Amino acid sequence: MHGGEVTIHGVSKRFGQLQVLDDVTLTIPAGSVTAILGQSGSGKSTLLRSINHLERVDDGFIAIDGELIGYRQDRDTLYELKEKDILRRRVEVGMVFQNFNLFPHLTALENIVEAPITVRGLSRDKAQAEALELLARVGLADKARAYPRQLSGGQQQRVAIARALALKPKVLLFDEPTSALDPELVNEVLDVIKELARSGTTLIIVTHEIGFAREVADTIVFMEGGRILETGTPEKVFNRPDHPRTAAFLAKVL
Ligand code: ADP
Ligand code: MG
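Residues numbered from 1 in each chain as written. Chains lettered and ligands numbered in written order. Predicted model: local features only at pLDDT ≥ 70, side-chain atom pairs only at ≥ 80, totals over all residues.

Under the annotation held in an unreviewed UniProt entry, the protein carries the name Amino acid ABC transporter ATP-binding protein and is attributed to Ectorhizobium quercum. Turning to the protein, the UniProt record has this under Sequence similarities (unreviewed entry): "Belongs to the ABC transporter superfamily." (UniProt positions renumbered as here; feature names shortened; annotations may be inferred.)

A separate point is the pairing of strand 11 (residues 227-232). Sheet analysis places strand 10 (residues 219-224) next to strand 11, joined by five bridges and oriented antiparallel. Looking across to strand 11, one finds that valine 221 is bridged to threonine 231. Taken together, strand 10 and the strand that follows it, strand 11, pair antiparallel across an intervening segment of two residues, in which glycine 225 is found at a positive phi of about 55°. (Pairing = 2+ DSSP bridges. Helix = DSSP H or I, 4+ residues; strand = E, 2+ residues; numbered from the N terminus.)

So, about the site of ligand 1. Every residue lining ligand 1 is accounted for by Phe15, Leu18, Val20, Gly38, Ser40, Gly41, Ser42, Gly43, Lys44, Ser45 and Thr46. Those elements that place two or more of their residues in the shell around ligand 1 are strand 2 (18-28) and helix 1 (44-51). At three residues, the largest contribution of residues to the shell around ligand 1 is made by helix 1. The residue inventory of the shell around ligand 1, partitioned by class, reads three nonpolar, seven polar and one charged. (Near = placed C-beta within 6 Å. Nonpolar A, V, L, I, M, F, W, Y, C, P; charged D, E, K, R; others polar.)

So, about the pairing of strand 7 (residues 93-96). The side-chain alternation of strand 7 yields two buried faces, one formed by Val93 and Met95 and the other by Gly94 and Val96. Note that strand 7 and strand 8 (residues 171-175) share four bridges and pair parallel. Among the inter-strand pairings, valine 96 is bridged to a residue of strand 8, identified as phenylalanine 174. (Buried ≥ 20, exposed ≤ 12 C-beta atoms within 10 Å, placed from the backbone.)

In this fold, leucine 172 is placed in strand 8. Between the alpha carbons of leucine 172 and glutamate 235 there is a distance of 24 Å; along the sequence they are 63 residues apart. Leucine 172 has contacts with Gly94, Ala164, Leu196, Thr201 and Leu203, leaving out every residue within four places of it along the chain. (Contact = placed C-beta atoms within 7 Å.)

Quick look at unusual backbone geometry now. A positive phi is found at arginine 75, a non-glycine position, where the angle reads about 45°. Within the element layout of this structure, arginine 75 appears in the loop between strand 5 (67-74) and strand 6 (77-80). Although it is not a glycine, lysine 168 adopts a positive phi angle of roughly 50°. Relative to the helices and strands, lysine 168 resides in the loop between helix 5 (153-165) and strand 8.

Turning our eyes to something else, we now look at the sheet that holds strand 4 (residues 59-64). Strand order in the open sheet formed by five strands is 2-1-4-5-6, with antiparallel pairing between adjacent strands. For this open sheet the edge positions go to strand 2 and strand 6, each flanked by a neighbour on one side alone. Strand after strand, the sheet turns through a mean of 15° between neighbouring axes, direction not considered. Two elements, strand 1 (residues 6-15) and strand 2, share seven bridges in a ladder whose sense is antiparallel. Paired with phenylalanine 15 across the two strands is leucine 18, which belongs to strand 2. (Axes fitted to C-alpha atoms, helices over the stretch in contact; angles between N-to-C directions.)

One finds Ile112, Ala162 and Leu173 to be the most contacted residues of the largest nonpolar core, which totals 65 residues. Looking at this core element by element, the count peaks at six residues for helix 5. Non-local contacts of leucine 173, meaning those with residues more than four positions away in its chain, are made with Leu48, Ile51, Asn52, Val93, Gly94, Met95 and Ile204. (Core = buried A, V, L, I, M, F, W, Y, C linked by C-beta atoms within 7 Å.)

Counting buried positions over the eight residues of helix 1 gives seven, a clear majority of the element. When helix 1 is considered as a whole, its buried residues turn out to be Lys44, Ser45, Thr46, Leu47, Leu48, Ser50 and Ile51. At the exit of helix 1 stands histidine 53, carrying a positive phi of roughly 65°.

So, about the environment of phenylalanine 61. By the secondary structure assignment, phenylalanine 61 is in strand 4. The spatial distance from the C-alpha of phenylalanine 61 to the C-alpha of threonine 107 is 37 Å, given a sequence separation of 46 residues.

The following block contains the structure:
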């Protein structure tokens, strides 16, 4: 699989009076793994949602492999792609949410085949064959016909990961993928993400699993108050943070 380079440039976002993202600039190399850390409310989810077109930013732009994901806002000037180009580009970014967001009335297999059929235009047979491969990859080959309620949280999250992979995204976003899981189910999901980290897809993961971030990430990004306070290798950020507030945060969570 081929990963995309993500460019985030001068991105700002307000909700009313609240500045949720404040001039965020970051380049994420193709195929790399980035872990975003920071306290609740620091803007992590809003940043991910902006990359995935779920939020519209007020300023700046986001690009994948140098191509805008939708639009670019420079102060008063808006440049926007045509809708069909925006739809085409959306498929390049997949997202996995804290609460899995599976369709409850569809089996694991049906959850996965839906989008490849409607978005990629695959035949049902081809989509099912690919979905079965993906289920095997996340260790759920025997759960194709199970409904979400028949699966554990860890299994549901692995189906959600398979579903995201079915669109062959260049970039995969994870927003606290293990926060809703019982502790004993966390590792089965982290193991799947670790395997993906070797696949070449660009991964951006918001997590409170510090040990996991340290082990898997190429880059750690620490956010506070809508800004990036610090970025660097895990070795650098964990051992020799530039900012005292990064050190204070890590001291609390480690
Ligand atoms: P994090 O993921 O780091 O916890 P978020 O990006 O979810 O942070 O939120 C950042 C801030 O923006 C928080 O103060 C949150 O309450 C606020 N916020 C998020 N979404 C909305 C929204 N749709 N409307 C108003 N405020 C929001
Ligand atoms: Mg969040």
